[in-house]
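# Per-entry structural report
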Amino acid sequence: MSHQVSSQPASSRQSILMCAPDYFGIDYVINPWMEGNCGKSDHALAVEQWSGLKRALETQTDVVLISPQPGLPDQVFTANAGMVLEEKVVVSRFKAPERQGEEPFFHDWFAQHDFDIAAWPADVSFEGAGDALLDRGQPVLWVGYGFRSARTTPSLLEKTFHRRTIGLQLVDPRFYHLDTCLCPLEGGYVMYFPGAFDAAGQRTIADTVPAEKLIEVDASDAEQFCCNAVDLNRQVFMNGASEALQARLREAGFTPGITPLSEFMKAGGSAKCLTLKLREELIFSAN
Ligand code: ARG
């Protein structure tokens, strides 16, 4: 696969990395969602749900696959492979030893697909697009830290990508990655759950995003991982959202696409975690 600029319309240029759930399971506990769920995901259902998400995404984009590896049950969550911007990638350095075995496989995949692999200090944890999200309305990179990615991540990413970076400290262990509680959407909308951030973070979000573009969600929507959504061409694919939130999204010009992912929720992930956009800059500049 090449990730060169193409002359196709923006809608067909994006490409998403996924990993089939062959070895997915809940084998350990590294976030609150996994507690009490070891061995409890239904494999056949997980495969069906993952395939449902893939099919939904393929109506909008290309999906490319990395080979799943035995013994790495969380490798399905490719959002954590790294953070891509233009041709460059920072490959993740996982905080939990349980996931560190994924690093060489993601590293090799990016190398084989001609990405420019940026230097990153070995002792600074960073979990890729789980914690680093491009705004879709302004040249801003939102970066979550506190649970998985280190406090120094925002300034290191700013130096690496030469982008204005806004660090947000995550304070609720259930929302341990930024992509579980904040989702930048086309046109500069930002859907987020305020309770996942401290007062300073909430202020920063409110000061950065125009009020009419802030879509605040409540705890019950956040708990069904509505913010863990994949936005493609104004379609917003997610595990679940209340009628009220779906109406709010429609009013803003989006089409919610509900694609149930209960088995992955038991591992603390859903739609967005299962994907990694490989052509971020092109989509941003198309807005
Ligand atoms: N069990 C995985 C972990 O705790 C879930 C990862 C979810 N990924 C994400 N981008 N939020 O690391």
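For every chain, the first residue of its written sequence is number 1, and the numbers climb from 1 along that sequence. Selection of residues for local features in this predicted model requires a pLDDT of at least 70, selection of side-chain atom pairs for listing and counting requires 80 or more, and totals for whole chains, interfaces and linings are taken over all residues. Note that water and hydrogens are dropped before the side-chain values are worked out from all heavy atoms of the structure.

With that settled, consider the site of the ligand. Neighbouring the ligand are 17 residues; Arg 99, Arg 148, Asp 179, Ala 267 and Cys 273 lie closest to it. The term polar contact refers here to a pair of N or O atoms within 3.5 Å; inside protein, the definition further demands a hydrogen-donor-capable atom paired with an acceptor-capable atom, and it admits residues adjacent in sequence only when both atoms are side-chain atoms. Contact between the ligand and Asn 80: a nitrogen atom at 3.0 Å from a side-chain N or O atom of the residue. Contacts to the ligand include Ala 267, whose backbone N or O atom sits 2.8 Å from a nitrogen atom. Taken by itself the ligand offers 350 Å² of open surface, and the protein chains cover 100% of this. Only heavy atoms are used to decide nearness, and a residue is near a molecule or strand if one of them lies within 4 Å of it. Accessible surface is estimated by sampling points in the Shrake-Rupley manner with a 1.4 Å probe; for residues, cover comes only from the protein chains shown.

What follows concerns the confidence of the model for the protein chain. A residue's pLDDT is the confidence the predictor assigns to it, expressed on a 0 to 100 scale. With 94% of its residues at a pLDDT of at least 70, the protein chain reaches an overall mean of 94. pLDDT under 50 marks residues 1-12. Its contacts with residues more than four places away, or in other chains, come to 20 contacts. Contacts are residue-level and defined by heavy atoms, with any inter-residue pair within 4.5 Å sufficient.

What is meant by a nonpolar core is a set of buried Ala, Val, Leu, Ile, Met, Phe, Trp, Tyr and Cys residues, joined one to another through side-chain atoms within 4.5 Å. Burial here depends on accessible area, computed with a 1.4 Å probe over protein chains only, as a share of the maximum for the residue type. Under 20% is buried, over 50% is exposed, and the range in between is partly exposed. Membership of the largest hydrophobic core comes to 39 residues, with the highest contact counts inside it found for Trp 142, Leu 182, Leu 185, Met 191, Phe 197 and Ile 205. Each helix is a run of DSSP H or I of at least 4 residues and each strand a run of E of at least 2, with the numbering of both proceeding from the N terminus. Within the residue set of this core, elements represented by two or more residues are strand S7 (140-145), strand S8 (164-169), strand S9 (182-185), strand S10 (189-192), strand S11 (214-216), strand S13 (235-238) and helix H8 (243-251). The biggest single contributor to this core is S10, with four residues. Look past the residues within four positions of Ile 205 in its chain and what remains in contact with it is Trp 142, Leu 168, Leu 182, Tyr 192, Phe 197 and Leu 214. Grouped together as the second largest cluster of nonpolar side chains are 26 residues, Met 34, Leu 53, Phe 77 and Val 230 included.

Quick look at the side chain of Glu 103 now. Topologically, Glu 103 is positioned in helix H4 (residues 103-112). Arg 93 is the oppositely charged side chain nearest to the buried, salt-bridge-free Glu 103, at an N-O distance of 4.5 Å. Within the structure, Glu 103 has its side chain in polar contact with the backbone nitrogen of Phe 94 (distance 2.7 Å). Once residues lying within four places of it in the same chain are set aside, the contact partners of Glu 103 are Val 91, Ser 92, Arg 93 and Phe 94. In this tally, Asp and Glu contribute negative charge and Lys and Arg positive charge; neither His nor the terminal groups of the chain are included. By definition here, a salt bridge exists when the distance from a side-chain nitrogen of Lys or Arg to a carboxyl oxygen of Asp or Glu is within 4 Å.

Turning to the sheet that holds strand S15 (residues 276-277), a few remarks are in order. The sheet built from three strands is open, its strands ordered S2-S1-S15 with mixed pairing. In this open sheet, the two strands that pair with only one neighbour each are strand S2 (62-66) and S15. A strand pair is defined by DSSP finding two or more bridges across the two strands. Across five bridges, the pairing between strand S1 (residues 15-19) and S2 is parallel. If you follow Ser 15 over to S2, its bridge partner there is Asp 62. To get an axis, fit a line to the C-alpha atoms, keeping to the stretch in contact for a helix; angles then go from 0 to 180 degrees between the N-to-C directions. With respect to the sheet, helix H2 (residues 43-58) is in contact with S1 and S2, its orientation differing from that of S1 by roughly 170°. The strands touched by H4 within the sheet are S1, S2 and S15, with S2 carrying the most contacts at an inclination of about 130°.

Turning our eyes to something else, we now look at the pattern of salt bridges. Scanning the entire structure with this criterion turns up 12 salt bridges. The partner of Arg 174 in a salt bridge is Asp 172, and the shortest N-O contact between them spans 2.8 Å. Take Arg 174: its relative accessible area is 28%, and that puts it in the partly exposed class. Relative accessible area serves as the criterion here: at 13%, Asp 172 is assigned to the buried category.

The criterion for an aromatic pair is that two Phe, Tyr or Trp rings (for Trp, the six-membered ring) have centres within 6.5 Å, with stacked assigned to planes under 30 degrees apart, edge-to-face to planes over 60 apart and tilted to the rest. In total, this model carries 13 aromatic pairs according to the counting rule given. Their ring planes at 75° and their centres at 4.8 Å tell us that Trp 33 and Phe 225 sit as a pair that is edge-to-face. Pair noted here: Trp 33 is in the loop between S1 and H2 and Phe 225 is in the loop between helix H7 (219-223) and strand S12 (230-232), with a separation of 192 residues, a long-range link. There is no split in this pair, since Trp 33 and Phe 225 are both buried. Here Trp 120 and Phe 126 contribute two aromatic rings whose centre-to-centre distance is 5.2 Å and whose plane-to-plane angle is 35°, an arrangement assigned as tilted. Here the aromatic cluster, defined as three or more aromatic residues joined through ring pairs, consists of Trp 33, Phe 175, Phe 193 and Phe 225. Just above the ring of Tyr 189 sits the side chain of Lys 213; from NZ or CZ to the centre is 5.2 Å. Lysine NZ or arginine CZ positioned within 6 Å of the ring centre and within 35 degrees of the ring normal marks a charge as sitting over the ring. Taking the ring centre of Phe 254 as reference, the NZ or CZ of Arg 234 above it sits at 4.6 Å.

Buried within H8 we find Leu 245, Gln 246 and Leu 249. Buried positions in H8, seen along its axis, are confined to an arc of 100° and lie on one side of it. H8 presents Glu 243, Ala 244 and Glu 251 as exposed residues on the side facing more than 90 degrees away from its buried surface. Lining the buried residues of H8 we find S9, S10, S11, H7, S13 and strand S14 (255-258). Just beyond H8, the residue with positive phi is Gly 253, at close to 95°. Directions are taken from the helix axis to each C-beta atom, and the arc is the one they span.

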